[in-house]
Amino acid sequence: MTTDIDREKKILELLQKQGSASIQELVEVFGVSNMTIHRDLNKLEKAGSIQKKHGGVSLVSQPPAEDPGHCAMCNKIISERTIFIVQLESGEQKRACCAHCGLMIQSQSKDVLQSLTADYLHGHIISANQAIYILGSDLAICCMPSVLSFGLRQDAEKFQKGFGGTIANIEETLQYLHQMMHAHQ
Ligand SMILES: [Zn+2]
Ligand SMILES: [Zn+2]
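These numbers come from a predicted model, not from an experiment.

1. Notes on the layout of surface pockets
And step 1. Here the largest pocket defines a volume of roughly 220 Å³.
And step 2. Of all elements in the fold, only helix H1 (4-18) and strand S6 (112-118) reach the threshold of two or more residues within the lining of the largest pocket.
And step 3. Grouping the constituent residues of the lining of the largest pocket by class yields four nonpolar, seven polar and two charged.
And step 4. Of the residues that make up the lining of the largest pocket, three or more belong to each of domain 1 (4-59) and domain 2 (84-184).
And step 5. Estimated volume of the second largest pocket: approximately 160 Å³.
And step 6. In terms of lining, the second largest pocket is formed by eleven residues, of which the most central are Gln 16, Leu 59, Ile 125, Ile 126 and Ser 127.
And step 7. Elements that contribute at least two residues to the lining of the second largest pocket include exactly H1 and strand S7 (125-127).
And step 8. Top element by residues in the lining of the second largest pocket is S7. It accounts for three residues.

2. Thoughts on the domain arrangement of the protein chain
And step 1. For the protein chain, the assigned domains are domain 1 (4-59) and domain 2 (84-184).
And step 2. Its C-alpha centre places domain 1 at a distance of 26 Å from the equivalent point of domain 2.
And step 3. Listed as interface residues are eight residues of domain 1 and, on the opposing side, nine residues of domain 2.
And step 4. Of the roughly 760 Å² buried between domain 1 and domain 2, counting both surfaces, carbon and sulfur atoms make up 51%.
And step 5. Area buried by domain 1 at its contact with domain 2 is led by Lys 9, Gln 16 and Ala 47, which between them contribute 53% of it.
And step 6. Where domain 1 packs against domain 2, one counts one salt bridge.
And step 7. Close ionic contact of Lys 9 with Glu 89 constitutes a salt bridge, the shortest N to O distance being 3.7 Å.
And step 8. Along the contact surface separating domain 1 from domain 2 lie four residue pairs in polar contact (both at pLDDT 80 or more).
And step 9. At four residues, the largest contribution of residues to the side of domain 1 that touches domain 2 is made by H1.
And step 10. Taken together, the residues that form the side of domain 1 that touches domain 2 break down as four nonpolar, three polar and one charged.

3. Examining the sheet that holds strand S1 (residues 20-22)
And step 1. Strands sit in the order S1-S3-S2 across an open sheet of three strands; the sheet is antiparallel. Lying at the two open borders of the sheet, with one neighbouring strand each, are S1 and strand S2 (50-53). Going from strand to strand, the sheet's axes swing by 20° on average, the running direction of each strand aside.
And step 2. Looking at chain direction, S2 and strand S3 (residues 56-59) are connected through four bridges and run antiparallel. Residue pairing for S3: Ile 50 is matched across the bridge by Leu 59.

How each quantity is defined
Residues numbered from 1 in each chain as written. Chains lettered and ligands numbered in written order. Predicted model: local features only at pLDDT ≥ 70, side-chain atom pairs only at ≥ 80, totals over all residues. Heavy atoms only, no water. 1 Å grid on protein atoms, 1.4 Å probe; cavity = no way out; pocket = protein on both sides within 12 Å on 5 of 7 lines; lining within 4 Å. Points joined across faces, edges and corners; volume = space filled by probe spheres on them. Helix = DSSP H or I, 4+ residues; strand = E, 2+ residues; numbered from the N terminus. Nonpolar A, V, L, I, M, F, W, Y, C, P; charged D, E, K, R; others polar. Domains from an automatic or database assignment. Contact = heavy atoms within 4.5 Å. Buried area = accessible area lost by both parts, 1.4 Å probe. Salt bridge = Lys/Arg side-chain N within 4 Å of Asp/Glu carboxyl O. Polar contact = N/O pair within 3.5 Å; in protein donor to acceptor, adjacent residues only side chain to side chain. Pairing = 2+ DSSP bridges. Axes fitted to C-alpha atoms, helices over the stretch in contact; angles between N-to-C directions.

Have a look at this one:
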């Protein structure tokens, strides 16, 4: 028996893999009632993670149209190009100016449902867990040392050729930020 939160996470994982799914498909995959799936989807929709459409559901590919506001970490005005969103299981959303602040928020938060970040090259929203990061490139963007997110490794490599920096996955990036914080203390 999976809990609601487990199932919500799995729904998001499934959508990250295949982009969209029908209600019927989710009912079959998770072996729960139509009503249960609708309840899960309503919660995820409220959290801004997904959008429902005719008989199905897909991941939100665009950040909400509202003003992205200020970073929850450093209070800088958030640019859609570097936005990082941490979604908590409570439905609360913490938004950051860039992956540097976003990953700090993520590592300090309990009950993270998922994190999303903007692909620096293309501007669309991607899963932070699967993103490729460039650490400390020559391009001084947002918080230093800069952490930029890319959906594709080849894009990150192209960027690295021009602007330097180190390519890292999310764990390596978290470690790097952790070491930075200790160096400052
Ligand atoms: Zn910030
Ligand atoms: Zn920043």
